[in-house]
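# A closer look at the structure
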Amino acid sequence: MVGKTKPRNKEEQERIEFVKLHMGCLPCILVTFLNCRCNYNHVCEGRKRLGHRFGYGSCGWHDVFHVSWDGRSTQEMIGQLGPSLGHGKITFEEVFGDELLLVRTVDYALELFKENPCSSFPLGPI
């Protein structure tokens, strides 16, 4: 069952803050839409979370298909931003790759940020 994980350590907390403050929604970035409003989406295998180190930024649309753009339909949202994880993991991963690939993408971006931190990478502080 998906549930609570251990408390975050310093490295995990820094990762989550990086995603939420500097990176934003990774699926939005992959469709060239910069969306800095996101939650940290923990990756699950089976019905168990893999831990705080395994996650990426995901907006309300890409996480649970929350449509909030001026009354746009689900089909319009899919056309503009791609499918939501809420529509099914298989469909989501066909477009964005598996979630562990998204985790590795965050790892890479975080390493680049550590090498050259700046306040505007890529979105800057919120």
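Check the entry above for the structure.
Here the structure is a predicted model, which means the values were calculated and not measured. (Residues numbered from 1 in each chain as written. Predicted model: local features only at pLDDT ≥ 70, side-chain atom pairs only at ≥ 80, totals over all residues. Heavy atoms only, no water.)

## Description of the nonpolar core
In terms of nonpolar packing, the biggest core is built from 24 residues, with Phe18, Val19, Met23, Leu26, Tyr56, Phe92 and Val106 touching the most fellow members. Mapped by element, the contributors of at least two residues to this core are α1 (10-23), α2 (26-30), α4 (74-81), α5 (89-96) and α6 (99-115). When residues of this core are assigned to their parent elements, the largest contribution, six residues, is made by α6. If we skip the residues at most four places from it in the chain, Phe92 touches Pro27, Tyr56, His62, Pro83, Ser84, Leu85, Gly97 and Leu102. (Core = buried A, V, L, I, M, F, W, Y, C linked by side-chain atoms within 4.5 Å. Buried < 20%, exposed > 50% of the residue type's maximum accessible area, 1.4 Å probe, protein only. Helix = DSSP H or I, 4+ residues; strand = E, 2+ residues; numbered from the N terminus. Contact = heavy atoms within 4.5 Å.)

## A closer look at α1
Relative to the 20 Å expected for 14 residues at 1.5 Å per residue, α1 spans 18 Å between its end C-alpha atoms, a close match to the ideal helical length. Along α1, the residues classified as buried are Glu12, Arg15, Ile16, Phe18, Val19, His22 and Met23. Along its buried surface, α1 packs onto α2, β1 (39-42), β4 (55-58) and α6. (Expected span 1.5 Å × (residues − 1).)

## Notes on the pattern of salt bridges
A full pass over the atoms with the stated rule returns four salt bridges. Asp107 serves as the salt-bridge partner of Arg15, at 2.5 Å between the closest nitrogen and oxygen. Placement of the pair is Arg15 in helix α1 and Asp107 in helix α6, with a sequence separation of 92 residues. Note that Arg53 and Asp107 form a salt bridge whose closest N and O atoms lie 2.9 Å from each other. (Salt bridge = Lys/Arg side-chain N within 4 Å of Asp/Glu carboxyl O.)

## Overview of the packing of aromatic side chains
Tallying each qualifying case throughout the model produces two aromatic pairs. Measuring from centroid to centroid gives 5.1 Å for Phe18 and Phe113, while their planes differ by 45 degrees, and the two rings are tilted. Of the two residues, Phe18 is situated in helix α1 and Phe113 in helix α6; the sequence distance between them amounts to 95 residues. With relative accessibility at 15%, the residue Phe113 sits in the buried group. When the centroid spacing of 5.0 Å and the interplanar angle of 50 degrees are considered together, the rings of Phe92 and Phe96 count as tilted. Of the two residues, Phe92 and Phe96 both sit in helix α5, four residues apart, roughly one turn of that helix. Relative accessible area serves as the criterion here: at 0%, Phe92 is assigned to the buried category. Assessed through its relative accessible area of 6%, Phe96 is described here as buried. A cation over a ring is seen here: Arg53 above Phe54, with NZ or CZ 5.1 Å from the ring centre. (Phe/Tyr/Trp six-rings, centres within 6.5 Å; stacked < 30°, edge-to-face > 60°. Lys NZ or Arg CZ within 6 Å of the ring centre and 35° of its normal.)

## A word on the state of the cysteines
Applying the stated rule across the entire model yields zero disulfides. In this model Cys38 remains outside any disulfide bridge; the closest cysteine sulfur is found in Cys25, 6.6 Å from its own. What makes Cys38 buried here is its relative accessible area of 12%. (Disulfide = S-S within 2.5 Å.)

## Describing unusual backbone geometry
Despite not being glycine, Thr32 shows a phi value in the positive range, around 60 degrees. Within the secondary structure, Thr32 is located in the loop between α2 and β1. Taking the relative accessible area as the measure of exposure, Thr32 reaches 73% and is therefore exposed.

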